Protein chains: 2
Amino acid sequence: MIIGGDAGGMAAVSQVRKTRPDMEIVAFERGHYTSYSACGIPYLVGGEVGTLDELVARTPQEFRDRFRVDVRMRHEVIAIDLDARELEVRALEQDRTLRLGFDQALVATGGMPVRPELPGIDSEHVRGVQTLDDAKELLSLATRDDLHRVVVVGGGYIGLEMAEAFVNRGLHVTLVEAGDQVMRSLDPDMAALVVAAMREFGIDVLLGRAAAGFESGRVLTDEGDLEADLVVLGIGVAPNSALAKQSGLDVGVQDAVRVSRRQQTSADGVWAAGDCCESIHRVSGRPVHIALGTVANKQSRVAGINIGGGYATFGGVVGTAITRICHTEIARTGLSEREAADAGFVFRSTVIEGSTRARYLPGRKRTTVKLVTEERTGRLLGGQIVGEEGAAKRIDVLATAVTAGMNVTEMIDLDLGYAPPFSPVWDPVLVAARVASRT
Amino acid sequence: MIIGGDAGGMAAVSQVRKTRPDMEIVAFERGHYTSYSACGIPYLVGGEVGTLDELVARTPQEFRDRFRVDVRMRHEVIAIDLDARELEVRALEQDRTLRLGFDQALVATGGMPVRPELPGIDSEHVRGVQTLDDAKELLSLATRDDLHRVVVVGGGYIGLEMAEAFVNRGLHVTLVEAGDQVMRSLDPDMAALVVAAMREFGIDVLLGRAAAGFESGRVLTDEGDLEADLVVLGIGVAPNSALAKQSGLDVGVQDAVRVSRRQQTSADGVWAAGDCCESIHRVSGRPVHIALGTVANKQSRVAGINIGGGYATFGGVVGTAITRICHTEIARTGLSEREAADAGFVFRSTVIEGSTRARYLPGRKRTTVKLVTEERTGRLLGGQIVGEEGAAKRIDVLATAVTAGMNVTEMIDLDLGYAPPFSPVWDPVLVAARVASRT
């Protein structure tokens, strides 16, 4: 029984089928879509993706035909009875409740946009960005003639991507962030580069300004009102773990479902994967909640192998995230300064400016690389990159080096690819390693 | 005393100066330029780089002013007297010979294009690609009205890059390769993708066709003559180690100067770095000759630290190389199938087709990833990537994983960056790791 029809649940199916062609698989999805890309929503709203259907990776029918999954759409699991080994399921369209027994269950209830308890938060013109139903409404709003001013509340990844999307639609966009920086997973100095790029792109970025409530046509803030035909919430994603918690499964950080390295919950034969559950951060060793499609797919694959009778573990995350906002590429991995301090590391930071092409080629792109390294050993704890074309995916080298436990002196010798269209002879990542190792 | 004014020699200077501001540094360069980018020559000839001067990273005067190096241009070192600790130097312009004592010497005589002993090889219209003097002549030829047909002999990196450069100048280009594939450092199946791209771009690629000699206006081959107003040699680069060898320094693979991990030659106080010397391949553990600016810079940095009284070692190479030819990005690292077999590994190969963007974004780019893995352990021995935009620099993840000794099961969990403009939710590198680990 799979509870949730997106990546965290459905990526397990092909793994189960490899070893257990006989197993009966039932999947419950309360919404209208299976396996869609929430990450693609800003590109749909911004006009880069043609139609909503393109964001659907696999339809319910494909799961039925290819993997013989009994996919029940518009069915919401409302309780997991661990003693009776039964699910209580609400058929939303038929308005009736079923009870179904299970041998094994996979909890993949996903995440949900954080909605602060503010006056007017449930108004028609205040929208979250999570489901394809949200996407459909945002898209129709974005193309309406009478929509002029959009206020995005919250400076996380989705908030920033949505802000850009609406500018691409020709709208006036204001981003309101209560904290003193956007993208809290970056250090303030790197986040400042992002704000500069956003402002240059025409987004009105207001830092240290908290939304206090919503009225028709406006956002109330602590320093005056902002006009808004539409408000988009980009405050973050919380685990949607209420069902698991009510059912007696252990939860941990941010109430995310606690899982073992095999993705098993505190109950035997009950697994969890995706945005509803925890991961272990490889550097800090601590549980974290990271709502990302990559992590959901990896966890679900592991859960699927184990459900099918195999043995697999998930090694954990290093917190890699990348995006492109307003022609600026942004990437981070490992621990930021704040996270390193929280985890008790004595660390040092190094910031360098480099280039993603040979000096003499036209259209050379600038990039800033920051490394956070352990003071005593030089071990790479984390890295951040902000730059132009070719900058962001360089984070993958840092993510791999963090995973391998490399120190910056070892990194200097990394035999990275060099050719004039791709890199200077010293890749910016290696320049940063050299400076960090002080030789 | 630095013997050779390009990267292998001059990158050491700044390291020496850090610890030894007092040391007298003399550099001898037989040519007209210091520290230039030979890798940039195809982009100059093809028209992407405006002027030859842009390929010079640092002029002799900059070395004199910034690092107080006594740079002697057009001076060729003709002997190293290890017993007397003296260099014999020919001042080419003045036509006289000097003898100068040294405490420490850095041999950085570089590489030289392979010139097979064929009739007519020394003709005016048969050119190598190595120095900026070569570049100057090739550039003036490329823009001449009476130049129509170019034949490139040899399908290595430089040969392919030069072939593209001349097509970009509107010329008819034929590439003649004696072997049955281009780019011998790739496996044949991956090299075939490159040939397909070159042919689509309009380059006439003739495989298994050996040049037998050169006459005015033509290249003689074993299967008939080819018209050629200009012949460019792209057969490869050999270490320019005659001086070292004659002076009694040990040489190794392909007669490259043998060095320790500290870049010391067989003689005390005599160091070597760059295209003239060997590196150790981290996977095979064997000495290799790899003529690349990145390696030269790294080795020279290590030599400089040691010359200055510090202690540094070079960890070796994994044979990473990337290029972009005819809109196709090509990358390789670690061991190819042939190299893995030569090194005695029992290996398995995995080839997958992936994409460098989310499925639903327009302009999605295809990429082919091949992994060579050790059969018993799954350890990554090498990888090759051929694809469109965003393909080549993904080799850096493989190079880092090879360096860290990762196996493909560990690689599946690598927390690589994901966002729709950069990657599908499973990066092609991870897709390859999954298939290679067969789960």
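About the thresholds
Residues numbered from 1 in each chain as written. Chains lettered and ligands numbered in written order. Predicted model: local features only at pLDDT ≥ 70, side-chain atom pairs only at ≥ 80, totals over all residues. Helix = DSSP H or I, 4+ residues; strand = E, 2+ residues; numbered from the N terminus. Rg over C-alpha atoms; globule rule 2.2 N^0.38 Å. Buried ≥ 20, exposed ≤ 12 C-beta atoms within 10 Å, placed from the backbone. Contact = placed C-beta atoms within 7 Å. Pairing = 2+ DSSP bridges. Axes fitted to C-alpha atoms, helices over the stretch in contact; angles between N-to-C directions. Domains from an automatic or database assignment. Nonpolar A, V, L, I, M, F, W, Y, C, P; charged D, E, K, R; others polar. Parallel < 35°, antiparallel > 145°, perpendicular 65-115°, else oblique. Left-handed = near helix turned anticlockwise from the far one by under 90°. Core = buried A, V, L, I, M, F, W, Y, C linked by C-beta atoms within 7 Å. Least-squares fit on C-alpha atoms with pLDDT ≥ 70 in both. Expected span 1.5 Å × (residues − 1). pLDDT = per-residue confidence, 0-100.

Colleague: How do you make sense of the overall build of chain A when you look at a structure like this?
Modeller: The number of helices and strands found in chain A is 12 helices and 25 strands. The C-alpha atoms of chain A give 23 Å as radius of gyration, which agrees with the globular expectation for 439 residues (22 Å, within 12%). Dimensions along the principal axes, computed over C-alpha positions, put chain A at roughly 65 × 55 × 40 Å. Within chain A, buried positions represent 55% of all 439 residues. Counted over contacts in chain A with a minimum sequence separation of 6, partners at least 24 positions apart contribute 65%.

Colleague: I would appreciate a short explanation of unusual backbone geometry in the present structure.
Modeller: The bulk of non-glycine residues show a negative phi, and the bulk of peptide bonds are trans. The backbone of His327 of chain A shows a phi angle near 65°, a positive value even though the residue is not glycine. Within the element layout of this structure, His327 of chain A appears in the loop between β21 (321-325) and β22 (328-334). Positioned with a positive phi, Gln254 of chain B is a non-glycine residue whose angle comes to about 55°. In this structure, Gln254 of chain B sits in the loop between α7 (242-246) and β18 (270-272).

Colleague: Just checking my understanding: could you explain the sheet that holds strand β5 (residues 86-91) of chain A for this structure?
Modeller: In any sheet, the strands associate via hydrogen bonds between backbone groups, in a parallel or an antiparallel arrangement. Residue and element names in this part refer to chain A. The strand order across the open sheet built from 3 strands is β4-β5-β6, with neighbouring strands paired in antiparallel fashion. A strand with exactly one partner marks an edge of an open sheet, and here the two such strands are β4 (75-81) and β6 (96-101). Strand-to-strand twist in this sheet, taken as the mean axis angle between neighbours without regard to direction, amounts to 25°.

Colleague: It is not clear to me how the domain arrangement of chain A should be interpreted in this structure. Could you clarify?
Modeller: Size of an interface: often given as the accessible area lost when the parts come together. Residues and elements named next belong to chain A. By the assigned domains, chain A splits into domain 1 (2-111 + 239-307), domain 2 (115-233) and domain 3 (330-437). Inter-centroid distance (C-alpha atoms) of domain 2 to domain 3 is 31 Å. Between domain 2 and domain 3, the contact holds 7 residues from the first and 9 residues from the second. For the side of domain 2 that touches domain 3, a count of residues per class yields 4 nonpolar, 1 polar and 2 charged.

Colleague: Help me out: how do you make sense of the packing of helix α10 (residues 395-404) of chain A against helix α10 (residues 395-404) of chain B in this one?
Modeller: Each pair of packed helices gets described by two things: the angle between the helix axes and the distance between those axes. At a closest axis distance of 8 Å, the pairing of α10 of chain A and α10 of chain B adopts a crossing angle of 15°. Classified by the interaxial angle, the pair formed by α10 of chain A and α10 of chain B is roughly parallel. Once α10 of chain A is placed against α10 of chain B, the crossing between them reads as right-handed. Contacts between α10 of chain A and α10 of chain B involve Asp396, Val397, Thr400, Ala401 and Ala404 of chain A from the first element and Asp396, Val397, Thr400, Ala401 and Ala404 of chain B from the second. When grouped by side-chain class, the residues that make up the contact of α10 of chain A with α10 of chain B number 6 nonpolar, 2 polar and 2 charged.

Colleague: Got a minute to help me understand the interface of chain A and chain B in this structure?
Modeller: On the chain B side, the residues contacting the 54 residues of chain A number 55 residues. Among the secondary structure elements, those contributing two or more residues to the side of chain A that touches chain B are α8 (293-307), β21, β22 and α10 of chain A. It is α10 of chain A that contributes the most residues to the side of chain A that touches chain B, 8 residues altogether.

Colleague: Please explain the nonpolar core as it appears in this structure.
Modeller: Ranked by internal contacts, the top residues of the largest apolar core, which has 292 residues, are Leu106 and Val107 of chain A together with Leu106 and Val107 of chain B. Non-local contacts of Val107 of chain B, meaning those with residues more than four positions away in its chain, are made with Ile3, Ala244, Val257, Thr265, Val270, Trp271, Ala272 and Cys276 of chain B.

Colleague: Even after reading the chapter, I still don't get the relation of the copies chain A and chain B, so can you show me in this structure?
Modeller: Think of it as a corkscrew move, a rotation about one axis and a shift along it, taking one chain copy to the other. Structural alignment of chain A on chain B gives an RMSD of 0.0 Å, achieved by rotating through 180° and translating 0.0 Å along the axis. The superposition operator between the copies reduces to a two-fold rotation axis. Of every C-alpha in chain A, the one belonging to Val397 of chain A sits nearest the axis of rotation, 2.6 Å from it. A share of 100% of the interface residues of chain A reappears at the interface of chain B, consistent with the copies meeting face to face through the same patch.

Colleague: Explanation requested: helix α8 (residues 293-307) of chain B in the structure shown.
Modeller: Every α-helix carries 3.6 residues per turn, so stepping three or four residues along brings you back to the same face. Residues and elements named next belong to chain B. The terminal C-alpha atoms of α8, which comprises 15 residues, lie 20 Å apart, in line with the 21 Å expected from a rise of 1.5 Å per residue. Counting buried positions along α8 gives 15 out of 15 residues, so the element sits mostly inside the fold. Remark: Gly309 follows α8 within two positions and exhibits a positive phi of approximately 100°.

Colleague: Help me understand the pairing of strand β24 (residues 366-374) of chain A, please; the structure alone is not making it clear to me.
Modeller: Here is the key point about a regular strand: its side chains alternate between the two faces of the sheet. Residues and elements named next belong to chain A. Two elements, strand β23 (residues 347-355) and β24, share 9 bridges in a ladder whose sense is antiparallel. Following the sheet pairing, Arg348 is matched in β24 by Thr373. With 7 bridges connecting them, β24 and strand β25 (residues 380-387) associate as antiparallel partners. Its bridge partner lying in β25, Leu371 is registered against Gly383. The hairpin turn running from β24 into β25, its antiparallel successor, is 5 residues long, and Gly378 in that turn takes a positive phi close to 75°.

Colleague: What exactly am I supposed to notice about the pairing of strand β13 (residues 211-215) of chain B here?
Modeller: Residue and element names in this part refer to chain B. One ladder, built from 4 bridges, connects β13 with strand β14 (residues 218-221); its direction is antiparallel. The residue of β14 that forms the bridge with Glu215 is Arg218. Counted along the chain from β13 to the antiparallel partner β14, the turn is 2 residues long, and its residue Gly217 has a positive phi close to 80°.

Colleague: Sorry if this is basic, but what is going on with the confidence of the model for chain A here?
Modeller: Do not read the predicted coordinates in detail wherever pLDDT is low. Across chain A, pLDDT averages 95, with 100% of residues at or above 70. Overall fold confidence for the complex sits at a pTM of 0.95, while the interface term, ipTM, reaches 0.95.

Colleague: It is not clear to me how the environment of Asp95 of chain A should be interpreted in this structure. Could you clarify?
Modeller: All names here are of chain A. In this structure, Asp95 sits in the loop between β5 and β6. Residue classification places Asp95 among the exposed positions, given that 7 C-beta atoms sit within 10 Å. In this structure the C-alpha to C-alpha distance between Asp95 and His75, which are 20 residues apart in sequence, comes to 9.7 Å.

Colleague: Any chance you could explain the sheet that holds strand β3 (residues 69-73) of chain B here in plain terms?
Modeller: All names here are of chain B. Overall, parallel pairing links the 5 strands, which are arranged β3-β2-β1-β7-β18 in an open sheet. Here the strands that pair on one side only, and so sit at the sheet edges, are β3 and β18. As paired elements, strand β1 (residues 2-3) and strand β7 (residues 105-107) share 2 bridges and run parallel to each other. Along β7, the bridge assignment pairs Ile3 with Val107. Against the sheet, helix α3 (residues 60-67) contacts β2 (25-29) and β3, and its axis sits at roughly 165° relative to β3.

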